[in-house]
Amino acid sequence: MAQEQKQPRRSSETEEAVETAPETDVAERKGTIDADVDDILDEIDDVLETNAEDFVKSFIQKGGQ
Amino acid sequence: MSVRRVMGTEVEYGISVAGQPHANPMVASSQVVNAYASATVRARRARWDFEEESPLRDARGFDMSRQVADVSQLTDEDLGLANVILSNGARLYVDHAHPEYSTPEVTTPLDIVRWDKAGEQVMLDAQVRAGQLPGGAPILMYKNNTDGKGASYGAHENYLMRRSTPFADIVKHLTPFFVSRQVVCGAGRVGIGQDGRQHGFQVSQRADFFEVEVGLETTLKRPIINTRDEPHADPEKYRRLHVIIGDANLAEVSTYLKVGTTSLVLAMIEDRFLDRDLAVEGPVAALREVSHDPTLRQLLRLRDGRTLTAVQLQMEYLELARKYVEDRLGDDADAQTVDVLARWESVLDRLERDPMLCAGELDWVAKLKLLEQYRSRDGLDWDDAKLALIDLQYSDIRPEKGLYHRLVGAGRIERLLDQPGVDDAMHDPPEDTRAYFRGRCLEKYADHVAAASWDSVIFDLPGRESLQRVPTIDPLRGTRAHVGELLDRCETAQQLFAALTR
């Protein structure tokens, strides 16, 4: 009986631990990404072909293997 | 027993002429190949020797009739299109409407990366040279596999295998592996469906172009397992497994794991180590479903009744591979085999938790991360042309324009090789296969090599009326250890030929 009561408590503890860990991970990661995002996008903005729609439309290939 | 095996890749590049969407791609491709050949291949230009090619030979044991074959399958007919062999042992040529680079034969995954990357540099060099021709418009090239409008072109892998392995075993064990390995080596694509009419992102460039499970075709009704059987080696001993399902990768880790893990799985098949049947129900549909779900949560139904994600299915192969290497090699496993296993495990573990954790290694994740950053900053929907442009421009081979190259330059994608090593591989052959003999002959005796192919070098020698063919049927002979000293010593092709035939 004692064991039966213990077990669910243990598993809910584990669940809590599992739930909090990724949240911290994601929050930390998001912070780093946000800081990095702007400079890499600025750099890529400078090299992207102008007029995306025309450029993409005119990329026509013949099938290969 | 390890990741080591005779293997190579062949990549067809997307090509366009700036401002001329309807320019003839065969002409543009020929210009590129010829520009490179004229500038770098010395004196006489050695031709490709087609004698040993048999593209209609089927691994299941019959030949397709030439009359029923689609014209695009007749790859052994010399259409007069540009076709040269380079001093690094590679082949640079025009295949249908695309410039194509085939690496020389190598024996390790890292050497695949090296000579595949050298191919990108060769194409870049060729593109620059073609653009300098008088009156020519700039030619642009892309290492990708689709135009997003219904056309696809390939990035093939070739693995030398034991002939004694039943083909049915290869089909059985490799099909589930190919359905799932895209989570590691997909190149990512904006647009769903062959012509991309559905908006969204998918893991693989090629998945939507595969329509059958097994077959000989490569240009239509593409099969997950291709049965082309031209070993370019002793057919009694070997078959060449021609893999057409992969994406063209730019990220070095993607290429490394693509080839390294496949080579390991093939070793397990050859050694009959795979006792588990991991067959997937409806593999063609499953291939697409996996590709269409970049969250990697899509479940596959196995024939044994289990449901697994593609990552979990890859983990099954990983676990078997770990056991196999431990069982056969133990502590004697070579460094690359150990490294492939470790990286494979690390990548799968992170893909399982959050795919974005692999943005610094894998093409599809790097591309998706960039796209998501643009979507969030600019509020773009998946139908926005800018996202399709980012997808396309990721694979632009120019370092100043290609987004893969910009990400590498910004330290956001890991490299496995240093650039000087790649630059050298544009000219130098691998030292541990017959590509060494081929490459050195082309470099040293260019004036007297009339033609060459995977399995021969043909000399045109002064004083002899007929051409002299030196067969190179064994991929592991003609290495530096075998012929390095001989090639160093022989000043002329005549001396070499005399020494070889004495």
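Bear in mind that the values here come from a model prediction, so they are computed numbers and not experimental data.

The next thing to look at is the interface of chain B and chain A. Counting residues at the interface gives 53 residues for chain B, matched by 28 residues for chain A. Where chain B abuts chain A, roughly 3300 Å² becomes buried across the two surfaces, and 60% of that area is made up of carbon and sulfur atoms. Counting every contact that joins chain B to chain A gives four salt bridges. The closest approach of N and O atoms between A:Asp45 and B:Arg377, which form a salt bridge, is 2.8 Å. Counting across the chain B and chain A interface gives 21 residue pairs in polar contact (both at pLDDT 80 or more).

Residue and element names in this part refer to chain B. Read from one edge of the open sheet, six strands run β4-β5-β6-β1-β8-β13, paired in antiparallel fashion. One side of each edge strand has no neighbouring strand; the edge strands of this open sheet are β4 (83–85) and β13 (238–243). Pairs of neighbouring strands in the sheet enclose a mean axial angle of 20 degrees, with direction left out of account. The strands touched by helix α1 (residues 25–40) are β4, β5 (91–95) and β6 (98–102); relative to β5, the strand with the most contacts, the crossing angle is about 165 degrees. This element, helix α2 (residues 109–131), spans β1 (7–12), β5 and β6 of the sheet and lies at about 145 degrees to β6.

Turning next to empty space enclosed by the protein. All names here are of chain B. Enumeration over the complete set of coordinates arrives at five cavities of 30 Å³ or more. A volume near 90 Å³ is recorded for the largest cavity. As for the largest cavity, its lining consists of Phe 178, Arg 181, Gln 182, Cys 185, Gly 186, Ser 204, Ala 207, Ile 245, Gly 246, Asp 247 and Leu 287. Per-class residue counts for the lining of the largest cavity are five nonpolar, four polar and two charged. Estimates place the volume of the second largest cavity at around 50 Å³. If you trace the second largest cavity, you find it lined by Thr 9, Val 11, Asp 116, Lys 143, Ala 155, His 156, Asp 247, Ala 248, Asn 249, Thr 255 and Lys 258. Elements with a minimum of two residues in the lining of the second largest cavity: β1, β8 (155–162) and α5 (252–270). Considering only residue class, the lining of the second largest cavity consists of three nonpolar, four polar and four charged.

Residues and elements named next belong to chain B. Here strand β2 (residues 14–17) shows no split at all, with Gly 14 and Ser 16 on one side and Ile 15 and Val 17 on the other all buried. Sheet analysis places β2 next to strand β7 (residues 139–142), joined by four bridges and oriented antiparallel. Directly across from Val 17, in β7, lies its bridge partner Ile 139.

Moving on, we get to the UniProt feature "modified residue: Deamidated glutamine" (unreviewed entry) in chain A. All names here are of chain A. When the UniProt feature table is mapped onto this chain, "modified residue: Deamidated glutamine" (unreviewed entry) is found at Gln 65. Along the chain, the position of Gln 65 falls in the segment after α2 (52–57). Classification of Gln 65 as buried rests on a relative accessible area of 3%.

Another aspect to go through is the confidence of the model for chain B. Residues and elements named next belong to chain B. Predicted confidence across chain B gives a mean pLDDT of 93, with 92% of residues reaching 70 or more. Predicted confidence for residues 64–71 stays below pLDDT 50, and this span has 14 contacts to residues more than four positions away or in other chains. Contacts from residues 74–79, a stretch scored under 50 in pLDDT, to residues over four places away or in other chains number 14 contacts. Reported confidences for the modelled complex are a pTM of 0.90 and an ipTM of 0.89.

A few words now on the environment of B:Val449. As for its position among the elements, B:Val449 is in strand β16 (residues 449–453). Between the alpha carbons of B:Val449 and B:Trp48 there is a distance of 11 Å; along the sequence they are 401 residues apart.

With that settled, the discussion passes to the side chain of B:Ser291. Residues and elements named next belong to chain B. Within the fold, Ser 291 resides in helix α6 (residues 283–291). At 3.0 Å, the side chain of Ser 291 and the backbone nitrogen of Ser 204 are in polar contact. Beyond its immediate stretch of four places on either side in the chain, Ser 291 contacts Gln 182, Gln 202, Val 203, Ser 204 and Ala 207.

Attention shifts here to unusual backbone geometry. Unusually for a residue other than glycine, A:Asn51 sits at a positive phi of about 55 degrees. Residue placement: A:Asn51 occurs in the loop between α1 (2–47) and α2. Its identity is not glycine, yet B:Leu296 carries a phi of approximately 65 degrees, on the positive side. Along the chain, the position of B:Leu296 falls in the loop between α6 and β14 (299–301).

Residue and element names in this part refer to chain B. With respect to the helices, strands and loops of the structure, Arg 440 is situated in helix α13 (residues 435–444). As for Arg 440 and Asp 428, which are separated by twelve residues in sequence, their C-alpha atoms are 8.1 Å apart. Residues within four places of Arg 440 in sequence aside, it is in contact with Ser 87, Pro 429, Tyr 445, Gly 484, Leu 487 and Asp 488. Here Asp 488 takes part through its side chain, which lies 3.2 Å from a polar atom of the side chain of Arg 440.

This paragraph deals with the packing of α5(B) against helix α8 (residues 335–353) of chain B. Residue and element names in this part refer to chain B. In the contact formed by α5 and α8, the axes pass within 10 Å of each other and the chain directions differ by 110 degrees. Taken together, α5 and α8 sit at an angle that is classed as roughly perpendicular. For α5 against α8, the interelement crossing comes out left-handed. Facing Val 253, Tyr 256, Leu 257, Gly 260, Thr 261 and Leu 264 of α5, the residues of α8 in contact are Gln 336, Thr 337, Asp 339, Val 340, Leu 341, Arg 343, Trp 344 and Val 347. Among the residues making up the contact of α5 with α8, the classes are represented as eight nonpolar, four polar and two charged.

The rules behind the values
Residues numbered from 1 in each chain as written. Chains lettered and ligands numbered in written order. Predicted model: local features only at pLDDT ≥ 70, side-chain atom pairs only at ≥ 80, totals over all residues. Heavy atoms only, no water. Contact = heavy atoms within 4.5 Å. Buried area = accessible area lost by both parts, 1.4 Å probe. Salt bridge = Lys/Arg side-chain N within 4 Å of Asp/Glu carboxyl O. Polar contact = N/O pair within 3.5 Å; in protein donor to acceptor, adjacent residues only side chain to side chain. Pairing = 2+ DSSP bridges. Helix = DSSP H or I, 4+ residues; strand = E, 2+ residues; numbered from the N terminus. Axes fitted to C-alpha atoms, helices over the stretch in contact; angles between N-to-C directions. 1 Å grid on protein atoms, 1.4 Å probe; cavity = no way out; pocket = protein on both sides within 12 Å on 5 of 7 lines; lining within 4 Å. Points joined across faces, edges and corners; volume = space filled by probe spheres on them. Nonpolar A, V, L, I, M, F, W, Y, C, P; charged D, E, K, R; others polar. Buried < 20%, exposed > 50% of the residue type's maximum accessible area, 1.4 Å probe, protein only. UniProt positions renumbered as here; feature names shortened; annotations may be inferred. pLDDT = per-residue confidence, 0-100. Parallel < 35°, antiparallel > 145°, perpendicular 65-115°, else oblique. Left-handed = near helix turned anticlockwise from the far one by under 90°.

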